[in-house]
Amino acid sequence: MRIFTGLAIGEGIARGKAKIYRHTPIVVERKRIAKSQVKREHGLLDQAFQRARTALERRKGNQLEGEALEILETHLLLLQDPTYITSIKEKIEDKLINAAWATEEVTEGIVKTLEASDDELFRQRTIDINDIGDSIVEHLCGKSAHPSLVLDEPVILLADTLLPSELFSLDRSNILGLSLDGGGLASHVAILARGLNIPTVIETQLASHVAEDGDDVIIDGIRGEVIIRADHQAVQNVTERYNAYLEHEAELLKGASLEARTKDGKRILIKSNIQTLGELPFAEAEGSDGIGLFRTEFFFMERSALPSEEEQFRIYKEVLERVAPRSVTIRTLDLGGDKVVSGLNLVEENPVLGFRAVRFCLEHQDIFLTQMRAILRASPFGKADIMFPMVSGIEELKETLRLFEIAKRQLKEEGVSFDPDLQVGTMIEVPSAALITDLIIRHVDFISIGTNDLIQYTIAVDRNNQKIAHLYQPLHPGVLRLLKGVVDQAHGMGKRVAVCGEMASDPHHAVVLVGLGVDELSMGPHALLKLRKIVRSLDLAAAQSLVEHLLTMDSSVKTEQAVREWMHERFDDLTIR
Ligand code: PEP
Ligand code: MG
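Residues numbered from 1 in each chain as written. Chains lettered and ligands numbered in written order. Predicted model: local features only at pLDDT ≥ 70, side-chain atom pairs only at ≥ 80, totals over all residues. Heavy atoms only, no water.

Q: Before we go on, may I ask you to explain helix H7 (residues 188–195) in this structure?
A: Turn by turn, an α-helix covers 3.6 residues, leaving residues three or four places apart pointing in a common direction. The element H7 is extensively covered by neighbouring structure, given that eight of its eight residues are classed as buried. The set of residues buried in H7 consists of His188, Val189, Ala190, Ile191, Leu192, Ala193, Arg194 and Gly195. (Buried < 20%, exposed > 50% of the residue type's maximum accessible area, 1.4 Å probe, protein only. Helix = DSSP H or I, 4+ residues; strand = E, 2+ residues; numbered from the N terminus.)

Q: Help me out: how do you make sense of the pairing of strand S7 (residues 216–220) in this one?
A: Regular strands show a simple pattern: their side chains alternate between the two faces of the sheet. Within S7, four of the five residues are buried, which leaves the element mostly enclosed by the surrounding structure. Relative to S7, strand S3 (residues 13–21) runs antiparallel, the two sharing five bridges. Within the sheet, the bridge partner assigned to isoleucine 13 lies in S7 and is aspartate 220. Examined bridge by bridge, S7 and strand S8 (residues 225–228) share four bridges and lie antiparallel to one another. In the strand pairing of S8, valine 217 is matched with isoleucine 228. In this structure, the hairpin formed by S7 and S8 is closed by a connection of four residues, where glycine 224 is found at a positive phi of approximately 90 degrees. (Pairing = 2+ DSSP bridges.)

Q: What is the right way to read the site of ligand 1 from this model?
A: Near ligand 1 lie 17 residues; those nearest to it are Arg295, Arg331, Gly450, Asn452 and Arg463. In this structure, an oxygen atom belonging to ligand 1 sits 3.1 Å away from a main-chain N or O atom of threonine 451. Contact with the protein chains hides 100% of the accessible area of ligand 1, taken as 280 Å² for the molecule alone. Counting residues per element, the ones that place at least two in the shell around ligand 1 are H7, strand S10 (291–295) and helix H18 (451–459). Counted by class, the shell around ligand 1 contains four nonpolar, five polar and eight charged residues. (Near = heavy atom within 4 Å. Polar contact = N/O pair within 3.5 Å; in protein donor to acceptor, adjacent residues only side chain to side chain. Areas by Shrake-Rupley, 256 points an atom, 1.4 Å probe, with all protein chains shown as cover. Nonpolar A, V, L, I, M, F, W, Y, C, P; charged D, E, K, R; others polar.)

Written as structure tokens, this is what we have:
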């Protein structure tokens, strides 16, 4: 038996057979060949080009639009370019090496030439050339650059890392539990796993290296343990813990319909974050006050082509109808960073600081307008708010709002109705925006603080990087000061403040947010019941004094310790931490 301890994500317990998934990059087979084999290698190369072309043609028929289609056509052109294949054939012949090796060398040569070019457009083409080179090599070697994973029976998936898109590409009903060697509490894959209600443990370091396919594995998503080849005693302990957890949950459920109001009377809205429609029943069952963050990009990631206006309209309409009369804050596309979609050219050296969210949407106005139109069209079917992610300054916000006005004008001209009172908000998740909240807020109805990114950018700590996870400190004095500034500025202008980052779902951090004056907390549905109970037992004045005390401290060690003690005195019965 081996036990790995990590961070518990999707609460719950799962037991099943292990399936290991590790990202091993493709290793090109390099072979010297005899002169007599040249013809054969040429033939294999022709075949690989043909297969790559056929695969692209098939994807092209898949209703691609916009840039996705452009990229695909560029790739097709490259594949049809006779100089590329001829150079590879010459390399095979001259150096007497196999086709995969020659493809690798020729592709690298082209990439180097393009990289040295003064022309930005040429430099950008290197990604396409590399992609095409990889796909030819894949066809030659008969394997994929990323090992493909098909789950045809229920398993416990143990991976080194997992991209959100990979999690989406899998049959989720066959993932009983998930263990990731890496992670990050605020990483998107963790948020997704929690949203999908998959018992998950992250940051297990080596679990995927120690387990083998078929091993009996238990994921303890309550305590944060992965138990490989569990013995009888371990199974019994986990079962007892699980039963206690279920009892505790049943107790909390009794409070699902109660208002979250502090003891001294401040109403705090407790809302849900969702990524998929599948999460709505949980939000409903746990008495959510609405949806505070609908991350729409996951719909884009789930499909091989960008969803059309009609398809998006139907999705937004369904969510609005199901949640009505409570409101749904629909966030426009936040692609980029670790949320990449096949077909869109989003590979960058520094993606988290790169072409993300509104930056991407403002460059792809067709995609942005389509989404805004779909949201507006759906708005009469419930209570919709629209929210823009990653705004970093006023020009960006104004340009975004200008496009929003265009979307409205278009619909008016077409005689299509929409809710004229639809509220417009922006996320505050970039420090530059946080510092000018008073200026930003003049242009919008509300703000929602995305603490996941705000912490990442304030402390300059990658939210997905396990090596520096200890620096990801929500109660860092710098973060607290920034948050206080945001709340005070927004309230000074009479606007409401929500938080939709993971801080809202952690009781220790949520009390601080309430003490800072935040009006609304939005979180994964799993945390709603616990947070409602905490708010109802909370004295706002006491939380405010706690915050005042924290703001005098100079380190996260001290703030964390102070909050832990404060919570321990008040909420020891909540089995938190
Ligand atoms: C955030 O950054 O806190 C947030 C809610 O957005 P996301 O997690 O989708 O980046
Ligand atoms: Mg964010």
